[in-house]
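Observations on the three-dimensional arrangement
In case you want the letters, here they are:
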Amino acid sequence: MMKKLRFLFVSLMLLFCGSVFADEAVFNFTTADGLKAMGVAEANIPTVAASADAGVAFETTGPFTVNGVSITATDGGSNTCRIWSPKANDGTKYDFRVYGSATKKGTLTIAAPTGKEISKIVFTTNTWNAPTPSTGSIAEKVWSGVANSVTFTQEAQCQYKTITVTFADAGSVTSKKDAGLSFSETSVKAVVGEEFTAPTLTKATTAAVKYSSTNTKVATVEETSGAVTIVGAGTAKIRATTEENDEYYAGQAEYQIEASEPVKTEASLPYEDLTAGQGSFTIDNVSLTDGLTYVWKWDTSNKYMKASAYAGGNKASESHLVSPTIDLGSATAPTLYFSQCINKYFADYANDVKLLVVKADESTAALTLTAPTITSGNWSSWKDEEFDLTAYAGQKIKIKFVYTSTSTAAGTWEIKNFKVADKNAAGVNAVVTEKFDANAPMYNLAGQRVSKAYKGVVIQNGHKFIVK
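Analysis parameters
Residues numbered from 1 in each chain as written. Predicted model: local features only at pLDDT ≥ 70, side-chain atom pairs only at ≥ 80, totals over all residues. Heavy atoms only, no water. Helix = DSSP H or I, 4+ residues; strand = E, 2+ residues; numbered from the N terminus. Buried < 20%, exposed > 50% of the residue type's maximum accessible area, 1.4 Å probe, protein only. Contact = heavy atoms within 4.5 Å. Salt bridge = Lys/Arg side-chain N within 4 Å of Asp/Glu carboxyl O. Pairing = 2+ DSSP bridges. Axes fitted to C-alpha atoms, helices over the stretch in contact; angles between N-to-C directions. Core = buried A, V, L, I, M, F, W, Y, C linked by side-chain atoms within 4.5 Å. 1 Å grid on protein atoms, 1.4 Å probe; cavity = no way out; pocket = protein on both sides within 12 Å on 5 of 7 lines; lining within 4 Å. Points joined across faces, edges and corners; volume = space filled by probe spheres on them. Nonpolar A, V, L, I, M, F, W, Y, C, P; charged D, E, K, R; others polar. pLDDT = per-residue confidence, 0-100. Phe/Tyr/Trp six-rings, centres within 6.5 Å; stacked < 30°, edge-to-face > 60°.

Considerations on the overall build of the chain
- Each helix and strand in the chain was counted, giving three helices and 40 strands.
- Burial analysis of the chain (468 residues in total) assigns 44% to the buried set.
- Sequence-distant contacts, at least 24 apart, represent 68% of the contacts inside the chain between residues at least 6 apart.

Following this line, the structure appears as structure tokens:
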């Protein structure tokens, strides 16, 4: 009996000591006091008054330190790491933003003091795109594992509000097994309306799997089975997560779906395209010179078709972007709508770009294009176009965008929001595009955010221009 009591006493003492030696470091990025507590100088904290009319940023990668634990970030994507104060901040709305992209990844490294090991990290965020940890596993914004330091690699933006780190003496943290979640494929393509077979998930953990979609406008997923339904064009990630249990850490795995509308050879009214991808348009490269491999390409970041023959220099080319056959049917006022944007590097816009109607007998008729006005620097704003197609009522036609360039001049032509509809039909409106936002953030060519006082080449609203 005494031996059992002694064993129980020792067990309780170990449990008590374990709780004594476990420690926490809480990084609160949401308040000025929280930022000061982790070593941010008061002069670098954006003030509430300064953010009254627009957001204010303090660019920094850290390090931030609390209770001996440090957090350091590296820049990724097209932005720099920053403490952000949004418009009309009331003093409790700061966050720490780390950016990343598929080609330029950002990182967040969390390190415990020497001789200590981290067992759990809990994140609260605004925007969250689950990063990949260098060790351990992450699920539902909670990292589990055993490590002195962990580096999280980001391919998209995360806006960190708080980060809570639990750590203890090295060797005192009980190690569990990795959940072992993995999909057979990490990137798949799908077509709206066609049957979709999801990649196979394997796991080591005994915990139940929960599935979710990051974009339900593109793909929905059944929470327990993982069965996916494609509902629209675009990109979505399907994520599988498991909770921590007595034997396994929490786990997470995901795959990305790129969904497109089915390619049509013939369309009826109303017909819309060039909103989420190249859609049913085809490209006819009539002439490519000097190693040029393409002219027209879908810009996945800015959502438009872009034609350019500048590739380390001006290249001579001719390339056509062609719609499928469009049946104007019984429309009494068939109308073409789209939006265009150009830069200033065309030799002669009127000759370098053409808009053609291709009739059933393959003969063509030109529609008169007017060049958008170059509003600032090298670029125009988006210009909404509308063309009366009544002359072709009852016919089947194609619309062709013709781009040409020479070895001395190769402009850039951007097209989006293509639509052919009967203007007399109920609910048909002209294309509406976003206006140029003079208060939008500006970046230099290195992707660093700059102030309004910056002089030189800047990028704003997705376009480059020169500030003198």
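A few points about the pattern of salt bridges
- One pass over the structure, following the stated rule, counts 13 salt bridges.
- Glu 385 is the partner of Lys 383 in a salt bridge, and the nearest nitrogen-oxygen pair spans 2.9 Å.
- Residue classification places Lys 383 among the partly exposed residues on the basis of a relative accessible area of 25%.
- Owing to a relative accessible area of 8%, Glu 385 belongs among the buried residues under this scheme.
- For Lys 423, the salt bridge goes to Glu 386, with nearest N and O atoms at 2.4 Å. Of the two residues, Lys 423 sits in the loop between strand S36 (412–422) and strand S37 (442–443) while Glu 386 sits in strand S34 (residues 383–388), which places them 37 residues apart along the sequence.
- Through salt bridges with shared partners, a single network forms among Lys 237, Arg 239 and Glu 254.

Topic: the sheet that holds strand S20 (residues 234–242)
- Within the open sheet, the four strands sit side by side as S15-S21-S20-S17. Their pairing is mixed. In this open sheet, the two strands that pair with only one neighbour each are strand S15 (187–191) and strand S17 (210–213). Here the strands of the sheet are splayed against their neighbours by 25° on average, with no regard to which way each runs.
- Bridge count between S20 and strand S21 (residues 251–260): nine bridges; the pairing is antiparallel. Within S21, the position partnered with Ala 236 by the bridge is Ile 257.

Details of the nonpolar core
- By size, the foremost hydrophobic cluster in this structure holds 37 residues, and its most contacted members are Trp 296, Leu 336, Phe 401, Trp 413 and Phe 418.
- Mapped by element, the contributors of at least two residues to this core are strand S25 (296–299), strand S26 (304–308), strand S29 (334–342), strand S30 (353–358), strand S31 (364–367), strand S35 (396–405) and S36.
- Among the nonpolar cores identified, the runner-up in size contains 35 residues, and Phe 27, Val 98, Phe 123 and Trp 128 belong to it.

Structural notes on the sheet that holds strand S7 (residues 106–111)
- On the basis of which strands lie adjacent, the open sheet formed by five strands has the order S3-S4-S7-S12-S9 and antiparallel pairing. Sheet topology places strand S3 (64–66) and strand S9 (132–133) at the edges, where each strand pairs with a single neighbour.
- Direction of pairing for S9 relative to strand S12 (residues 149–154): antiparallel, over a ladder of two bridges. Note on S12: the bridge partner recorded for Pro 133 is Phe 152.

A short note on the layout of surface pockets
- Its boundaries defined by the atoms lining it, the second largest pocket holds a volume of some 540 Å³.
- Looking at the second largest pocket, it is lined by 24 residues, and the ones nearest its centre are Ala 130, Pro 131, Thr 132, Gln 252 and Glu 254.
- Listing elements by their share of the lining of the second largest pocket, those giving two or more residues are S9, strand S10 (137–139), S12 and S21.
- Here the lining of the second largest pocket takes six residues from S21, the largest share from any one element.
- Of the residues in the lining of the second largest pocket, the class split is nine nonpolar, 11 polar and four charged.

Let's talk about the side chain of Thr 242
- Within the secondary structure, Thr 242 is located in strand S20.
- Assessed through its relative accessible area of 2%, Thr 242 is described here as buried.
- Leaving out residues up to four positions away in the same chain, Thr 242 has contacts with Ala 139, Ala 179, Leu 181, Thr 205, Ala 207, Ala 208, Val 209, Ala 250 and Gly 251.

Examining the confidence of the model for the chain
- Model confidence for the chain is summarised by a mean pLDDT of 88, while 86% of its residues fall at 70 or above.
- Low pLDDT, under 50, characterises residues 3–20; the predicted model gives this stretch zero contacts beyond four residues in sequence or across chains.

A closer look at the pairing of S20
- With seven of nine residues buried, S20 lies mostly within the body of the structure.
- As judged from the four bridges shared by S17 and S20, these two strands associate in the antiparallel manner. Paired with Lys 210 across the bridge in S20 is Thr 241.

Comments concerning the pairing of strand S5 (residues 82–85)
- Residues Arg 82 and Trp 84 line one face of S5 and the alternating positions Ile 83 and Ser 85 line the opposite face, and both faces are buried.
- Here strand S2 (residues 56–59) pairs with S5 via four bridges, running antiparallel. The residue of S5 that forms the bridge with Phe 58 is Ile 83.
- The pairing of S5 with strand S6 (residues 95–98) spans three bridges and is antiparallel. Its bridge partner lying in S6, Trp 84 is registered against Asp 95.

Side note on the packing of aromatic side chains
- Per the stated rule, a full pass over the model turns up 17 aromatic pairs.
- Ring centres of Phe 346 and Tyr 349 lie 6.1 Å apart, and the angle between their planes is 85°; this geometry places the pair in the edge-to-face category. With respect to class, Phe 346 is no different from Tyr 349; both count as buried.
- Centroid distance Phe 401 to Phe 418: 6.2 Å. Interplanar angle 75°. Geometry classified as edge-to-face. With Phe 401 in strand S35 and Phe 418 in strand S36, this pair connects stretches of sequence that are 17 residues apart.
- Take Phe 418: its relative accessible area is 1%, and that puts it in the buried class.
- Ring pairing ties together the aromatic residues Tyr 271, Phe 281, Trp 296, Phe 338, Phe 387, Phe 401, Trp 413 and Phe 418, which thus form one cluster.

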